[in-house]
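A look at the structure
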Amino acid sequence: MAFLFGVPWMVLVASIVSYAIYLASVVIYNIFFHPLRHFPGQIFWTSSRVPWAWNTFFGQMPFAVSKLHARYGNVVRIAPDELSLIDPSAWKDIMAAHKERPLMQKDPAAFTRAAVVENILTVKSDVEHSRMRRVLTHAFSEKAMREQEPLIQEYVDLLMNSLHETAEEGPQNMVSWYNFVAFDIIGDLTFGQSLKCIRKGNSQWITFMNVIFKTGRRVSVFRYFPHLTPIMMPLMRRSKIYKSSMRSFENTRAMVSKRMATKTDRKDFMSYAFRAMERGDPSMMMSKEEMMVTFEVLMVAGSETTATLLSGVTFQLLKNPDVLHKLVAEIRSTFAHSHEITMVSVNNLKYQLAVLDEALRIMPPVATALVRLVPSGAGEVVGGHFVPGGTRVGIPPWAASRSPLNFRDSESFVPERWLGDVRYAGDRREASQPFNIGPRGCIGRNLAYAEMRIILARVLFEFDLELMESSNSWLEDLKNFTLWQKDPLMVRLRPVVRG
């Protein structure tokens, strides 16, 4: 009997045929017999996870899902066992607590590693999440923000000085500068020390975050293809990118550990957390390891997302000169000197807030769905549709906030829609939830708004901006791996000359 790779050829052929029959039967079941068969969707997406995996792996998921919704409407089946919904009511159905049932649980396959110790982002238990959140709440309170403002302003001043020094050298990459200031601020608040990104023009942290999220998102794909895991995971672990990311994780943990061991009166995230735990309330305690991994998450969540929004709003303003003119006029007529721009005073900039809300709508920093599992059993009504138990469901922010089903002129940058313009009275503004909602909504929302409002106001108060031709299609060229992989945004800065 002939052999191939040491296996009788008849056995090999039989194995291949059997596997092909198995795959065909799975496809047939998914199309014709699966509990989700009645939901609309493109046949290649509904029959297997291959299209989902392909678009996720290559950073095209937000755009691909948006096209599916444009074709099929409010609800689309994007995998055999997963639905994507963009009706605004789906936010509360999926993310908010209900008297009738507990919160929907996170999809375990969405996380790239099975952490021995959970952080505030990955923890599955609602009770445990509430415990961690109570420890951290005081660090993001209104009082804490006021106490942290001098530190924030120090880095904003440093950013402005650096931009004045480099502006005459030629066009500047604003993505890098926004990343520098965001990482410096959150680094100091998290680690108790400056990362010196602005001073050094250091992109180490930015590269680290991009690599981590890109690698992590790609690794998560293989959780749905367990037969490929034994092949792909060893290859990825041997890659330079993986080894570099592991070293960066170790460096981050070392910085967190150092701050935890340092006694100081400075006002940062750690000091507020320790103060909360000093009360001895068991419902407000975190272990050292939980603190370690949670503050790693805060480092990412508090920096990359803020930098993304500032980059996105700058691009939109420069592509919409009428909007830019109105915002510049508001800022420069409100303030006579840069030191007048504070956390309190920026609240007077009503048009600026509308500009930021519109930027968050048209380019949400987290563009892909945070997937949840419908509780097993009888099923639930989600977004106006009955969904069987065990189904994965999510609201993709990019698709939801850019859909003409939710917003008039959905692809246009129109801040007036947030200011009561009658043309946009029919907008379903609750469809745009860039900070999520419910008990797991972003804890740092107020701090993020304060940072964004101060930094944007200072940039437009001190400089006139011009978008370079090389960045005209900046938004069209981006890829997304949970967070955005941002290309350079080249802008010419001209310092404003005052009398």
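Definitions and limits used
- Residues numbered from 1 in each chain as written.
- Predicted model: local features only at pLDDT ≥ 70, side-chain atom pairs only at ≥ 80, totals over all residues.
- Heavy atoms only, no water.
- UniProt positions renumbered as here; feature names shortened; annotations may be inferred.
- Helix = DSSP H or I, 4+ residues; strand = E, 2+ residues; numbered from the N terminus.
- Buried < 20%, exposed > 50% of the residue type's maximum accessible area, 1.4 Å probe, protein only.
- Contact = heavy atoms within 4.5 Å.
- Pairing = 2+ DSSP bridges.
- Patch = residues over 30% accessible without salt bridge, like charges linked within 9 Å, V, L, I, M, F, W, Y side chains within 5 Å.
- Areas by Shrake-Rupley, 256 points an atom, 1.4 Å probe, with all protein chains shown as cover.
- Salt bridge = Lys/Arg side-chain N within 4 Å of Asp/Glu carboxyl O.
- Core = buried A, V, L, I, M, F, W, Y, C linked by side-chain atoms within 4.5 Å.
- Axes fitted to C-alpha atoms, helices over the stretch in contact; angles between N-to-C directions.
- Phe/Tyr/Trp six-rings, centres within 6.5 Å; stacked < 30°, edge-to-face > 60°.
- Lys NZ or Arg CZ within 6 Å of the ring centre and 35° of its normal.

The protein is annotated in an unreviewed UniProt entry as Cytochrome P450 monooxygenase from Letharia columbiana. The Cofactor (unreviewed entry) comment attached to the protein in UniProt states, word for word, "heme".

In this section: the overall build of the protein. Each helix and strand counted, the protein has 19 helices and 14 strands in total. Per-residue burial for the protein yields a buried fraction of 54% across its 499 residues. Sequence-distant contacts, at least 24 apart, represent 73% of the contacts inside the protein between residues at least 6 apart.

Now for the sheet that holds strand β7 (residues 372-373). Read across the open sheet, the five strands follow the order β3-β4-β10-β7-β5; overall the sheet is mixed. Two strands lie at the open edges of the sheet, namely β3 (75-79) and β5 (105-106), each paired on one side alone. Bridge count between strand β4 (residues 82-85) and strand β10 (residues 392-394): three bridges; the pairing is parallel. Each bridged residue has a counterpart across the sheet, and for Leu83 the counterpart in β10 is Val393.

To continue, consider helix α3 (residues 50-57). Among the residues of α3, Pro51, Trp52, Ala53, Asn55 and Thr56 are the ones counted as buried. Looking one or two places after α3, you find Gly59, whose phi comes out positive at around 75 degrees.

Moving on, we get to a nonpolar patch on the surface. Residues Ile28, Tyr29, Phe32 and Phe33 make up a contiguous nonpolar surface patch of about 450 Å² in total accessible area. Within the secondary structure, Ile28 sits in helix α1 (residues 9-32). Its relative accessible area of 44% is what places Ile28 among the partly exposed residues.

Residues Phe269, Phe295, Leu317 and Leu460 are the most contacted members of the largest nonpolar core, which totals 107 residues. If we ignore the near neighbours within four places in the chain, the residues touching Phe295 are Leu136, Thr190, Val256, Phe269, Met270 and Ala273.

In spatial order, the strands read β6-β14-β11; together these three strands make up an open sheet with antiparallel pairing. On the outer flanks of this sheet lie β6 (172-173) and β11 (463-467), each paired with one strand and no other. Where β11 and strand β14 (residues 490-495) come together, five bridges link them in antiparallel fashion. When the bridges of β14 are listed, Leu467 appears paired with Val491. Most of the contacts of helix α7 (residues 142-166) go to β11, to which it runs at about 65 degrees, and overall it touches β6, β11 and β14.

It is worth spelling out the packing of aromatic side chains at this point. Taken as a whole, this structure holds ten aromatic pairs when the rule is applied. In this structure an aromatic cluster arises from ring pairing among Trp54, Phe57 and Phe58. The lysine or arginine in question, Arg49, covers the ring of Trp52, its NZ or CZ lying 4.6 Å from the ring centre. The ring centre of Trp398 lies 4.0 Å from the NZ or CZ of Arg402, which sits over that ring.

What follows concerns the UniProt feature "binding site: heme" (unreviewed entry) in the protein. If you check UniProt for "binding site: heme" (unreviewed entry), the listed places come out as Cys442 in our numbering. Take Cys442: it is sitting in the loop between α18 (397-401) and α19 (445-462). Not counting residues within four places of it along the chain, the set of residues in contact with Cys442 comprises Arg133 and Phe435.

Within helix α13 (residues 269-277), seven of the nine residues are buried, leaving the element largely enclosed by the surrounding structure. Considered for burial, the residues of α13 that qualify are Phe269, Met270, Ser271, Tyr272, Ala273, Ala276 and Met277.

Moving on to the pattern of salt bridges. Under the counting rule described, the total for this entry stands at 19 salt bridges. In this structure, the salt-bridge partner of Asp81 is Arg49, at a minimum N-O distance of 3.1 Å. Of this pair, Asp81 sits in the loop between β3 and β4 while Arg49 sits in the loop between α2 (43-47) and α3; the two residues are 32 residues apart in sequence, bridging distant segments of the chain. Asp81 sits in the partly exposed class, given a relative accessible area of 22%. Residue Glu82 is joined to Arg49 by a salt bridge in which the shortest nitrogen-to-oxygen separation is 2.7 Å. With Glu82 in strand β4 and Arg49 in the loop between α2 and α3, this residue pair connects regions lying 33 residues apart in the sequence. Exposure remark for Glu82: the relative accessible area of 4% places this residue in the buried category. A relative accessible area of 8% means that Arg49 is categorised as buried.

Of all five residues in β3, five are buried; the element is thus mostly enclosed. By the bridge criterion, four bridges tie β3 to β4 in an arrangement that is antiparallel. Considered in β4, the bridge of Arg77 is made with Leu83. Taken together, β3 and the strand that follows it, β4, pair antiparallel across an intervening segment of two residues.

A word on the side chain of Thr308. Mapping Thr308 onto the fold places it in helix α15 (residues 304-319). Filtering out sequence-adjacent residues up to four positions away, Thr308 remains in contact with Met363, Pro365, Trp484 and Lys486.

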